[in-house]
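Notes for the structure review
Read off the chains here:
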Amino acid sequence: MVNLGTDDPIILLPGDEIVTTCEFSTAKLDHSVVQGEATSDEMCSGVLTYYPKSNVTNEFCFSGGPGISYCDPASWSRFQCADPYAFLSPSSVNVSSLYQGLVSNCRPFGPCLQECVQYITQQARVDGCLRGEIYKYIQENILSFHEEGRNMMALMASCQTEVYLAMAAITPTVEERGLALHISAGALLVVLVPALVLLF
């Protein structure tokens, strides 16, 4: 752990940013190192002390992931993430309607149930917290640190492929459906003709 300080005050003005860079080398270690919150894990925690206390809405806040900040709930809105705080603690996950719906409709680690696919797809379409890079961030940095979160990820993963296909599906137009039917009928004819030849 490294602590850096300065005797000269640094004045920050509105719009200024503090950017930190971390490097972690395992070159001299003889054991595996995993990502985690301990100083012996691969991690980076930046702590900033400032004075005087003024214009502060939260005394403790942190930023991370794809441009999100716990100090600024509006930063989550660009991902259409309705309630990121619902994932933070075991108790908030446990009482959430999302988690209760997963428990009712899904089985951890499979088999994939159709009602699970429908439920997750429906939820992911309306809540950006369950899509893309923000969901990946929530999984890796929030849910993986408590049992309810890990159980929630297991329930979500039970139908991962099926949900992906359902989310990626685009309803074809009438013309596209007609073309698909025409191609399918043609493919069926091509398959049947050689089969008839073999019979004679």
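Values in this document were obtained by computation on a predicted structure and should not be read as measured data.

Some words on the overall build of the protein
Looking only at helices and strands, the protein features 7 helices and 2 strands. When the helices and strands of the protein are placed in sequence order, the string is β-β-α-α-α-α-α-α-α. Across the protein, every contact between residues at least 6 apart in sequence was considered, and the portion connecting residues at least 24 apart equals 55%. Counting only carbon and sulfur atoms, one obtains 58% of the accessible surface of the protein, whose full area is about 15,000 Å².

Quick word on the confidence of the model for the protein
Here the protein shows a mean pLDDT of 75. Residues at 70 or above account for 72%. Helix α3 (residues 114–126) holds the highest mean pLDDT among the elements of the protein, 93, whereas helix α7 (residues 174–199) holds the lowest, 41. Scored below 50 in pLDDT, residues 170–200 shows 1 contact in the model against residues more than four places distant or in partner chains.

Considerations on the environment of D16
By the element assignment, D16 lies in the segment before β1 (63–64). We classify D16 as partly exposed; its relative accessible area is 43%. Within the structure, D16 has its side chain in polar contact with the backbone nitrogen of L13 (distance 2.7 Å).

Re unusual backbone geometry
The backbone phi angle of Q80 is positive, close to 55 degrees, even though this residue is not glycine. Mapped onto the elements of the fold, Q80 is located in the loop between β2 (68–69) and α1 (90–95).

Here we look at the nonpolar core
Membership of the largest hydrophobic core comes to 29 residues, with the highest contact counts inside it found for W76, F87, L102, L130, I138, L143 and M152. Elements with a contribution of two residues or more to this core: α2 (97–105), α3, α4 (132–141) and α5 (147–157). Looking at this core element by element, the count peaks at 5 residues for α3. Not counting residues within four places of it along the chain, the set of residues in contact with F87 comprises S92, V93, L98, C129, L130, I138, I142, L143, H146 and M152.

Topic: the packing of α2 against α3
For the pair α2 and α3, interaxial distance at closest approach is 9 Å and the crossing angle is 160 degrees. By the angle between their directions, the pair α2 and α3 is classed as roughly antiparallel. Here α2 runs over α3; the crossing is left-handed. Seen from α2, the contacting residues are S97, L98, G101, L102 and N105; seen from α3, they are E115, C116, Y119, I120 and Q123. Looking at the contact of α2 with α3, its residues break down into 5 nonpolar, 4 polar and 1 charged.

Cut-offs and rules
- Residues numbered from 1 in each chain as written.
- Predicted model: local features only at pLDDT ≥ 70, side-chain atom pairs only at ≥ 80, totals over all residues.
- Heavy atoms only, no water.
- Helix = DSSP H or I, 4+ residues; strand = E, 2+ residues; numbered from the N terminus.
- Contact = heavy atoms within 4.5 Å.
- Areas by Shrake-Rupley, 256 points an atom, 1.4 Å probe, with all protein chains shown as cover.
- pLDDT = per-residue confidence, 0-100.
- Buried < 20%, exposed > 50% of the residue type's maximum accessible area, 1.4 Å probe, protein only.
- Polar contact = N/O pair within 3.5 Å; in protein donor to acceptor, adjacent residues only side chain to side chain.
- Core = buried A, V, L, I, M, F, W, Y, C linked by side-chain atoms within 4.5 Å.
- Axes fitted to C-alpha atoms, helices over the stretch in contact; angles between N-to-C directions.
- Parallel < 35°, antiparallel > 145°, perpendicular 65-115°, else oblique.
- Left-handed = near helix turned anticlockwise from the far one by under 90°.
- Nonpolar A, V, L, I, M, F, W, Y, C, P; charged D, E, K, R; others polar.

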